[in-house]
Amino acid sequence: MAVSNVSFVSSKLETLLSNPNDPSSSPSPLIGTRALPMNNNGSRRGLIQRARCEISSSKAASISALEQLKTSAIDRYTKERSSIVVIGLNIHTAPVEMREKLAIPEADWPRAITELCALNHIEEAAVLSTCNRMEIYVLALSQHRGVKEVTEWMSKTSGIPVSDLCHHRFVMYDKDVTQHLFQVSAGLDSLVLGEGQILAQVKQVVSLGQGVNGFGRHISGLFKKAITAGKRARTETNIAAGAVSVSSAAVELALMKLPKHASSSARVLVVGAGKMGKLVIKHLVAKGCTKMVVVNRSEEKVEAIRQEMPPGVEIVYKPFDELLACAGEADVVFTSTASESPLFLKEHVESLPTVADGRLFVDISVPRNVGSCVAELDGARVYNVDDLKEVVAANKEDRAKKAMEAQSIITEESQQFEAWRDSLETVPTIKKLREYCERTRAGLVERFMSKHGDGMDKKTRKAVEDLTRSVVNKLLHGPMQHLRCDGTDSRTLKETLENMQALNRMYGLDAELLEDKIRAKVEQK
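Per chain, the residues get numbers from 1 upward, laid out in the order the sequence is written. Local features in this predicted model are restricted to residues of pLDDT 70 or higher, and side-chain atom pairs are both shown and tallied only at a pLDDT of 80 or more, whereas totals for entire chains, interfaces and linings draw on every residue. Water and hydrogen atoms play no part in the side-chain values, which are based on all heavy atoms of the structure.

Caption draft 1: View of the overall build of the chain. Numbered from the N terminus, helices here are DSSP runs of H or I no shorter than four residues, and strands are runs of E no shorter than two. When its secondary structure is counted, the chain shows 22 helices and 10 strands. Between two residues, a contact is recorded if the distance between any of their heavy atoms is within 4.5 Å. Taking all contacts inside the chain whose residues are at least 6 apart in sequence as the whole, residues at least 24 apart take part in 74%.

In structure tokens:
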């Protein structure tokens, strides 16, 4: 009898996954099903194994590998913890030519989350896409299959072969993910140590993720804690003291590449007046530049920047349709727009008037605003975000000292997040056990009332209800104490999970927990 119950639940879950819109696959028949009871003829594990064999022999030829996994997943998906995983490429592992193909505009982050959570083994997701990194954070039912599905999704959306992605990507799991994101938020993983823009971008992940189905409790909790870690690292240490930004490094790079006699008289063009462009302008002014042309789609942002400048600084606004004309009159061109296609191609630049030492393009946009083909021209020198390493290299010793100051905060915040996440691990079992006990209590009370409740007044009925609830709560107190894992006692996570698994076996909760996970995936799809 137990074997047939397992077969029924497994095949029903398989049907749920395969045909979520099929009325015949409605999950309602599973509710209340008591699968996998213990009996005297063999262990629960033996029953599952026999059920797997029964399923495999009859359906192996007609169901996919994923469906076979799901039909045999009671042990895997109720005993194994879902993993937080990051799959990413950044300035340390991949060239800008690859990162720009993977870049996802902020406006598309919610859509990306939805698409990622439609993958079979992904429960939650978030996207962090900046000029220096493209990182996908997920809560995965299976580490291996989750990484495989996300990598294939990245390949499909970018057009980059999976083999190339695997060569340049990095993959981290659980505690390593926590450490990594907290270091990113604190600016420890940035090319420019302690730069503040990355913290704003991590905040944007949370802001855009709010209300998006798939930006769930684990991933949102991870990013919110990362914001706290980033703030503390900057306020409690010297990590941000004297820190430069990508924009200031771009200005430094331009000054390094210009001949000394030309640095004070160079004609400067800034393309884009967003956050990065504004910072470029501020750093140019700080370095003594008093006149520049700014090309932007609207004049309002340029006027706002102009109002912040000290007296004597002249900022000339030009619309985008005058871009090439303005470039022809410039010695140095900074680009920092969100355009998904290049603004300068080879044919554009070769038609421009030549300048004495070659026109300098400093492109800090990803995707790039200046096509790589422009570098082939004799009269053009092109630099992008990857070239900023030259500016930062001189400060390695100072960077290491500052990073050590912030690392203790990162470690402390990471431990707090892991403790919080551990405390969530037993929540489904606690919920299911309470529901099981309440169903049992209510059923017994109803049976008692049907036989002995005639003539019983409301006060007595209430007393029976209160008494039985009190008995259940007393009996549950011990098990609930042993399911606690929030850092308030000496019990380890391993001990707590063993307790949870024992209760799942004793009360046959595994099948219901698996059913809930499958149903959540079906609803996401």
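Moving on, there is more to tell.
Caption draft 2: The sheet that holds strand E3 (residues 133–140), seen in detail. Read across the sheet, 4 strands follow the order E2-E3-E1-E4 without closing on themselves; strand pairing throughout is antiparallel. Each having just a single partner strand, strand E2 (122–129) and strand E4 (170–173) make up the two edges of the open sheet. The average angle at which neighbouring strand axes cross in this sheet is 15 degrees, direction not considered. Whether two strands pair depends on DSSP finding at least two bridges between them. Direction of pairing for strand E1 (residues 83–90) relative to E3: antiparallel, over a ladder of 8 bridges. Following the sheet pairing, Ile84 is matched in E3 by Leu139. Note on geometry: axes are C-alpha line fits, over the in-contact stretch for helices, and angles between N-to-C directions span 0 to 180 degrees. Most of the contacts of helix H7 (residues 143–158) go to E1, to which it runs at about 35 degrees, and overall it touches E1, E2, E3 and E4.

Caption draft 3: Representation of the nonpolar core within the structure. Buried residues of nine kinds, namely Ala, Val, Leu, Ile, Met, Phe, Trp, Tyr and Cys, make up a nonpolar core once their side-chain atoms join them within 4.5 Å. Categorising residues by exposure relies on relative accessible area from a 1.4 Å probe, with only protein chains included: less than 20% of the type maximum marks a residue as buried, more than 50% marks it as exposed, and the intermediate range marks it as partly exposed. Within the largest apolar cluster, 58 residues are counted, with the highest numbers of intra-cluster contacts made by Ile136, Tyr137, Val138, Val150, Met154 and Phe223. In terms of residue count, helix H11 (residues 217–236) provides more of this core than any other element does, 7 residues in total. Ile281, Val302, Met309 and Val385 belong to the second largest nonpolar core, which has 41 residues in total.

Caption draft 4: Inspection of the pairing of strand E7 (residues 314–318) at higher detail. Side chains Ile315 and Tyr317 of E7 all project onto a buried face; the interleaved residues Glu314, Val316 and Lys318 project onto a face where none is buried. Strand direction decides the pairing type here: strand E6 (residues 291–295) and E7, joined by 5 bridges, are parallel. The residue of E7 that forms the bridge with Lys291 is Glu314.

Caption draft 5: How the structure looks around a nonpolar patch on the surface. Like charges are joined within 9 Å and nonpolar side chains (Val, Leu, Ile, Met, Phe, Trp, Tyr) within 5 Å, but only among residues with over 30% relative accessible area and no salt bridge; these make up the patches. Here the open area of atoms and residues is found with the Shrake-Rupley method and a 1.4 Å probe, where only the protein chains shown may cover a residue. Should a side-chain nitrogen of Lys or Arg be within 4 Å of a carboxyl oxygen of Asp or Glu, the pair is scored as a salt bridge. The grouping of Leu467, Val471 and Leu475 at the surface amounts to a nonpolar patch, some 310 Å² of accessible area in total. Given a relative accessible area of 62%, Leu475 falls into the exposed group.

Caption draft 6: Inspection of the pattern of salt bridges at higher detail. This model, assessed by the stated rule, comprises 24 salt bridges. Residues Glu303 and Arg306 are paired through a salt bridge, measuring 2.3 Å at the closest nitrogen-oxygen approach. With a gap of 3 residues between them, Glu303 and Arg306 both fall in helix H14 (residues 299–308), about one helical turn apart. Residue Glu303 is classed as partly exposed on the basis of its relative accessible area, which comes to 29%. On the accessibility criterion, Arg306 (24% relative accessible area) is partly exposed.

Caption draft 7: A look at the packing of helix H19 (residues 427–452) against helix H20 (residues 458–481). Relative orientation of the contacting elements H19 and H20 amounts to 150 degrees, with a least axis distance of 10 Å. Here H19 lies roughly antiparallel to H20, going by the angle between them. Crossing hand, H19 versus H20: right-handed. Of H20, the residues touching H19 (which contributes Ile430, Leu433, Arg434, Cys437, Glu438, Arg441, Val445 and Met449) are Arg461, Val464, Glu465, Thr468, Arg469, Val472, Asn473, Leu476 and Met480. The scheme is simple: roughly parallel for angles under 35 degrees, roughly antiparallel for over 145, roughly perpendicular for 65 to 115, oblique for anything else. When the near helix sits turned anticlockwise from the far one by under a right angle, the crossing is termed left-handed; a clockwise turn instead gives a right-handed crossing.

Caption draft 8: Layout of helix H12 (residues 246–257). Taking 1.5 Å of rise per residue, 12 residues should cover 16 Å, and H12 covers 16 Å from first to last C-alpha, within 8% of that figure. Residues of H12 that are buried: Val246, Ser247, Ser248, Ala249, Ala250, Val251, Leu253 and Ala254. Looking at the buried residues of H12, the elements they touch are helix H13 (275–286), strand E8 (332–335), strand E9 (359–363), strand E10 (380–384) and helix H17 (389–392). What a helix is expected to span follows from its residue count: subtract one and scale by 1.5 Å.

Caption draft 9: Looking closely at the confidence of the model for the chain. Averaged over all residues, the pLDDT of the chain equals 81, while 80% of them reach at least 70. By mean pLDDT, the top-scoring element of the chain is strand E5 (residues 268–271) (97), and the lowest-scoring one is helix H2 (residues 44–59) (41). A score between 0 and 100, pLDDT records how confident the predictor is in each residue. Contacts from residues 1–17, a stretch scored under 50 in pLDDT, to residues over four places away or in other chains number 46 contacts. A low-confidence stretch, residues 22–75 stays under pLDDT 50, and its non-local contacts, those more than four residues away or across chains, total 95 contacts.

Caption draft 10: Expanded view of the packing of helix H10 (residues 197–209) against H11. At a closest axis distance of 9 Å, the pairing of H10 and H11 adopts a crossing angle of 160 degrees. Classified by the angle between their axes, H10 and H11 sit roughly antiparallel to one another. The element H10 and its partner H11 pack so that their crossing is left-handed. Residues Ile198, Leu199, Val202, Lys203, Val205 and Val206 of H10 pack against Phe223, Lys224, Ala226, Ile227, Gly230, Lys231 and Arg234 of H11. Here the nonpolar group is Ala, Val, Leu, Ile, Met, Phe, Trp, Tyr, Cys and Pro; Asp, Glu, Lys and Arg are the charged ones; every other residue, Gly included, is treated as polar. Of the residues that constitute the contact of H10 with H11, the class distribution is 8 nonpolar, 1 polar and 4 charged.

Caption draft 11: Broad picture of the sheet that holds E6. The parallel open sheet is built from 6 strands, whose spatial order is E7-E6-E5-E8-E9-E10. Taken across any chain shown, the strands that pair with only one partner, and hence form the sheet edges, are E7 and E10. Sheet twist, expressed as the mean angle between neighbouring strand axes with direction ignored, is 20 degrees. The sheet contacts of H13 involve E5, E6, E7 and E8, and relative to E5 the element is tilted by about 160 degrees.

Caption draft 12: Spotlight on the environment of His167. Inspection of the secondary structure assignment puts His167 in helix H8 (residues 162–168). Along the sequence, His167 and Thr93 sit 74 residues apart, while their C-alpha atoms lie 8.9 Å from each other.

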